[in-house]
Amino acid sequence: MPDPRFFERRGPHRLASLAELSGATLSDPADADFDVADVAPLHLAGAREISFLDNRLYVDAFRTSRAGACIVAAEHVAAAPRGMRLLVAKSPYLAYALVATAFYPAQAVAAGIDSRACVDPSAKIGAGAVIGPGAVVEAQAEIGARCRIASNAVIGRAVRLGEDCEVGAGATLSHCLIGARALIHPGVRIGQRGFGFAPARTGYVKVPQLGRVIVGDDVEIGANTTIDRGAGPDTVIGDGCMIDNLVQIGHNVTLGPGCILVAQVGISGSTSLGERAMLGGQAGLTGHLKIGAGAQIAAQSGVMRDVAPGERVMGSPAQPIREHLKQVAFLSRLARKKGD
Amino acid sequence: MPDPRFFERRGPHRLASLAELSGATLSDPADADFDVADVAPLHLAGAREISFLDNRLYVDAFRTSRAGACIVAAEHVAAAPRGMRLLVAKSPYLAYALVATAFYPAQAVAAGIDSRACVDPSAKIGAGAVIGPGAVVEAQAEIGARCRIASNAVIGRAVRLGEDCEVGAGATLSHCLIGARALIHPGVRIGQRGFGFAPARTGYVKVPQLGRVIVGDDVEIGANTTIDRGAGPDTVIGDGCMIDNLVQIGHNVTLGPGCILVAQVGISGSTSLGERAMLGGQAGLTGHLKIGAGAQIAAQSGVMRDVAPGERVMGSPAQPIREHLKQVAFLSRLARKKGD
Amino acid sequence: MPDPRFFERRGPHRLASLAELSGATLSDPADADFDVADVAPLHLAGAREISFLDNRLYVDAFRTSRAGACIVAAEHVAAAPRGMRLLVAKSPYLAYALVATAFYPAQAVAAGIDSRACVDPSAKIGAGAVIGPGAVVEAQAEIGARCRIASNAVIGRAVRLGEDCEVGAGATLSHCLIGARALIHPGVRIGQRGFGFAPARTGYVKVPQLGRVIVGDDVEIGANTTIDRGAGPDTVIGDGCMIDNLVQIGHNVTLGPGCILVAQVGISGSTSLGERAMLGGQAGLTGHLKIGAGAQIAAQSGVMRDVAPGERVMGSPAQPIREHLKQVAFLSRLARKKGD
């Protein structure tokens, strides 16, 4: 189903082997030898394809799906259409990720530096790295083994990338040290000077921004996201953080491991997030805050105070989610009753 | 008036011919032979220039304008200063668009592939296409006739562009099929993988993103906007959609024809918009929603539920616009009365 | 302390000379000859380093800092740890900016046009300018003396840059005239056509965008920010404006001198800001507004009406800050009292 112009398929795979690699269970062991040709969404899948159900919103699509096989949670087995083969998994989405990766593993690219790339002689390029046309790698930069630097990306002076990183087309990195397996999307900006200036009689005086951006392992950074370097301390992105598109991260911000930042989030300078904090889309945080581990901040929230570990907040100004929803409902009722 | 360093003027044009091409009516037929030299804004226009009035906010500027001619709606004719020649139009803004285009048609650019562009031999380049220095066109890409690919733009493997598209400087496209006459501004990111991962014991597992971005005809996409490719289904942008700068469109989102998205809008994954839906600036939509045809969502709204066709909503969480405004007014009155 | 891979240090500097260049006063004249090796944040500074305290949030860090010297306001002198040398300044942040600049002045770069840059023969390049690999300078462009155009930036036809400007990697400029000393960060988009189209029976008709972007002196523009050119009038950015990352500025917008726009702000077309107006992060302004000099608009505010000079507003819709906070508090109390 995926367009072969863009995606290279492996397979087919026996249903039993998909069960094994994804940690799922065959609902009917007799289906073990069924050959699966491909993955596909519920509403598009055909008799030789496998799909998944992970969101109650799509139970109806599941009921009428023509998929030959499907990955589901135990609770939805009964809703399956007749004849559909089932893989039962605790997390169907995780199992699907593993199954889909079996059909579509990372595509191999021929290693080498394109003749139209511009790599400074003092840069160190790891074995198996791919550097595309128009990409620029400045002096003293270090590119880890098997990194892929796409067309027209710019890796600034002394920047260091760990092994197996991908840097998307047109992304620009400076003043930063990046861990292994980073996935940096097109147009990302890392390491430019932060927004630091002091008012003086004659205008604003720029404050030198003397820190770096330190990015851990296994981080994903979405398209056109901007991460400023530290002002003195570093800006730090912990291992395994997932950052969506068009996110703004100010100088000195610290993200603990595994944080999730949805698109268009903005974090002002010197705010820190604990491990696995989650920020919904367009949420904004003022500076110098401490957001505890596991805190959840709803989309569009405006956070102006510290948030405790595990606390869930919403609204602008953000407050505990239950309180916020109560106020919204209360105001709605009141205005309806007394309003003209 | 437009700076000749940047804009190449044609003309002069007789007022009668401007009336004809714009569908407007000469207020006084005796003005038919008046030669118009150029277009200009109301407050800057001189005796040989034509301007337009389309917004009540500028009626005062209209009354005191020295423009030799002006395009107005019938209701504002009486407010015209003495001696100003008038073209009367139902939509002065539309008529102005056509008049201004007569003075400033699309500038011709010499066709050809710059010697510093990097075009894969397997790519197909249509007749009359222009490919600028530093632009990269990867294997199997198809560039339609008369397309213009600006400097340092990157057209990924197998991407297809219809005829007469413009791709701005530094924009990057992958995993997408684009219709005719698309206007893609600088820094746009289309087709990168969406924000898809499944929590596992060891961190997050990336879910392969196996869809594409399908863009219809006559679409405009603003600077630094990001459109992720589908996760399995495609991300679809309907014919004639107008998308402003810094907009985020998540995987699997579907926009019907003629939608208008103002700057910094964010749309989460799998949400669909009906024909001609309009989203004000910085509005945010959560995932898996259905927004009906012609729905209007006010700026900064936070939409967390489906919106019916033609419905107008506002606020965060968004609610019917009248209800929202009533609550805002009600709270304001109440706090003033009882507040300390 | 700053990473020598990225930052080149000058010094050491005598404490007396740092006092002099920053306008600060030695708390104990006996410290005049103390040699300062470097700058560092309070919590990281050592015995030979100078730090600063400018935010009450960090008084505790100040009390326990091991910095050899520190720049403080008079009010915090008493809280200093024993043995710490003090420079007393009215604005410690401004004094620190000057001290840090003494240690880390702008780094020299060898002038010249890289052989992989693409400069049109008709462009004028000022003395001492630096043009990086992959940068494109189109016909008739004028680049002022000592400008630095980073890798893969694109300077469009007839664009003019004053002296000592920096244009970051991958930034693209067209239809604009830029003053002296502009600092334009990576990925900035200046001068693309604004969001202008008129509904017609057959779809939307594009309105030619015939203005320019005029940027004054000493302006900073953050990464991936977008500034559209005027529709007829120009878009104008006054001298000394400080614009953060991912900001959207629509066509015809006018910023007076010294305005501050924090990240992700959006300003719709034809709105004007007076001198030194300040907009907090993610604030949004609708079009055709007049924001007075010195007005302050809080983060995430949604401004739909004019704002008087010096007025402070907050909320969406924005209202006077005191009124907004009163309403927030009032609603909170009421919901708590009567809510279920």
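Further up the page is the structure itself.
The present account deals with the structure reproduced in this document. (Residues numbered from 1 in each chain as written. Chains lettered and ligands numbered in written order. Predicted model: local features only at pLDDT ≥ 70, side-chain atom pairs only at ≥ 80, totals over all residues. Heavy atoms only, no water.)

Some words on the overall build of chain A
Along chain A, the regular secondary structure elements total 4 helices and 40 strands. Taken along its principal axes, the extent of the C-alpha atoms in chain A is 80 × 75 × 35 Å. With 340 residues in all, chain A has 61% of them scored as buried. Intrachain contacts of chain A at a sequence separation of at least 6 include 19% that bridge at least 24 residues. When the accessible area of chain A is evaluated, it comes to approximately 13,100 Å², of which 53% is carbon and sulfur surface. Seen as two clouds, the 34 positive and the 31 negative side-chain charges of chain A have centres 8 Å apart. (Helix = DSSP H or I, 4+ residues; strand = E, 2+ residues; numbered from the N terminus. Buried < 20%, exposed > 50% of the residue type's maximum accessible area, 1.4 Å probe, protein only. Contact = heavy atoms within 4.5 Å. Areas by Shrake-Rupley, 256 points an atom, 1.4 Å probe, with all protein chains shown as cover. Lys, Arg positive; Asp, Glu negative; His and termini not counted. Charge placed at Lys NZ, Arg CZ, Asp CG, Glu CD.)

Side note on the relation of the copies chain A and chain B
For the pair chain A and chain B, the superposition axis carries a translation of 0.0 Å, the fit reaches an RMSD of 0.0 Å, and the rotation angle comes to 120 degrees. Such a turn and shift between the copies fits a three-fold axis. The share of interface residues of chain A whose copies in chain B are also at the interface is only 17%, consistent with the copies meeting through different surfaces. (Least-squares fit on C-alpha atoms with pLDDT ≥ 70 in both.)

A word on the relation of the copies chain C and chain A
Least-squares fitting of chain C to chain A yields an RMSD of 0.0 Å, with the superposition described by an axial translation of 0.0 Å and a rotation of 120 degrees. Looking at the interface residues of chain C, only 17% of them are also at the interface in chain A, so each copy uses its own face.

Brief notes about the interface of chain A and chain B
Listed as interface residues are 58 residues of chain A and, on the opposing side, 67 residues of chain B. Counting the surface lost from both chain A and chain B, the interface buries some 4,900 Å², and carbon and sulfur atoms represent 62% of this. The tally of links between chain A and chain B comes to 4 salt bridges. Here lysine 206 of chain B and glutamate 220 of chain A are joined by a salt bridge, their closest N and O atoms 2.9 Å apart. (Buried area = accessible area lost by both parts, 1.4 Å probe. Salt bridge = Lys/Arg side-chain N within 4 Å of Asp/Glu carboxyl O.)

Re the packing of helix H1 (residues 15-22) of chain C against helix H3 (residues 92-103) of chain C
All names here are of chain C. Viewed as axis vectors pointing N to C, H1 and H3 meet at an angle of 125 degrees, and their least axial separation amounts to 8 Å. Considering their axes alone, H1 and H3 lie oblique with respect to each other. Viewed along their axes, H1 and H3 form a crossing whose handedness is right-handed. Contacts between H1 and H3 involve Leu18, Leu21 and Ser22 from the former and Ala95, Leu98, Val99, Ala102 and Phe103 from the latter. Its residues assigned to classes, the contact of H1 with H3 shows 7 nonpolar, 1 polar and no charged. (Axes fitted to C-alpha atoms, helices over the stretch in contact; angles between N-to-C directions. Parallel < 35°, antiparallel > 145°, perpendicular 65-115°, else oblique. Left-handed = near helix turned anticlockwise from the far one by under 90°. Nonpolar A, V, L, I, M, F, W, Y, C, P; charged D, E, K, R; others polar.)

Let's talk about the sheet that holds strand S16 (residues 160-161) of chain B
Residue and element names in this part refer to chain B. As summarised here, the arrangement of the 9 strands in space is S10-S13-S16-S19-S24-S27-S30-S33-S36, forming an open sheet in which the pairing is parallel. Both edges of this open sheet fall to strand S10 (124-125) and strand S36 (290-291), since each of them pairs with a single strand only. Pairing geometry for strand S30 (residues 254-255) and strand S33 (residues 272-273), over 2 bridges, is parallel. In the sheet register, leucine 255 faces S33, and the bridge partner there is leucine 273. (Pairing = 2+ DSSP bridges.)

Describing the sheet that holds strand S26 (residues 226-227) of chain A
Residue and element names in this part refer to chain A. One open sheet accounts for 10 strands, arranged S9-S12-S15-S18-S21-S26-S29-S32-S35-S38; its pairing is parallel. Edge positions in the open sheet fall to strand S9 (118-119) and strand S38 (302-303), since each of these has one partner strand only. With 2 bridges connecting them, strand S21 (residues 189-190) and S26 associate as parallel partners. In the sheet register, isoleucine 190 faces S26, and the bridge partner there is isoleucine 227.

A closer look at the interface of chain C and chain A
Facing the 58 residues of chain C at the interface are 67 residues of chain A. For the pairing of chain C and chain A, the buried interface totals around 4,800 Å² over both sides, and the portion due to carbon and sulfur atoms is 62%. Where chain C meets chain A, there are 4 salt bridges. For the salt bridge of aspartate 3 of chain C with arginine 212 of chain A, the shortest nitrogen-to-oxygen distance reads 2.9 Å. Remark: the boundary between chain C and chain A carries 25 residue pairs in polar contact (both at pLDDT 80 or more). Secondary structure elements with two or more residues in the side of chain C that touches chain A: H3, strand S28 (242-243), strand S31 (260-261) and helix H4 (321-338) of chain C. Tallied by class, the residues present in the side of chain C that touches chain A amount to 31 nonpolar, 17 polar and 10 charged. (Polar contact = N/O pair within 3.5 Å; in protein donor to acceptor, adjacent residues only side chain to side chain.)

Here's the deal with the nonpolar core
Counting 87 residues, the largest nonpolar core has Ile50 of chain B together with Leu173, Leu255 and Leu261 of chain C as its most contacted members. Of all elements in the fold, only helix H1 (15-22), strand S6 (69-72) and helix H3 (92-103) of chain B together with strand S19 (176-178), strand S22 (197-200) and strand S24 (213-215) of chain C reach the threshold of two or more residues within this core. At 9 residues, the largest contribution of residues to this core is made by H3 of chain B. The next biggest cluster of nonpolar side chains, apart from the first, holds 85 residues, and it includes Ala117, Leu161, Val207 and Val265 of chain A. (Core = buried A, V, L, I, M, F, W, Y, C linked by side-chain atoms within 4.5 Å.)

Some details on the side chain of histidine 76 of chain B
Residue and element names in this part refer to chain B. If you trace the backbone, histidine 76 turns up in the loop between S6 and strand S7 (85-88). Among the residues examined, histidine 76 registers a relative accessible area of 11% and is labelled buried. Apart from the residues within four sequence positions on either side, histidine 76 is in contact with Leu53, Arg56, Val59 and Phe62.

Notes on H3 of chain C
All names here are of chain C. Taking 1.5 Å per residue as the helical rise, H3 with its 12 residues ought to reach 16 Å, and the 16 Å between its terminal C-alpha atoms agrees with that figure. H3 sits mainly inside the fold: 9 of its 12 residues count as buried. Along H3, the positions that sit buried rather than exposed are Pro92, Leu94, Ala95, Tyr96, Ala97, Val99, Ala100, Ala102 and Phe103. (Expected span 1.5 Å × (residues − 1).)

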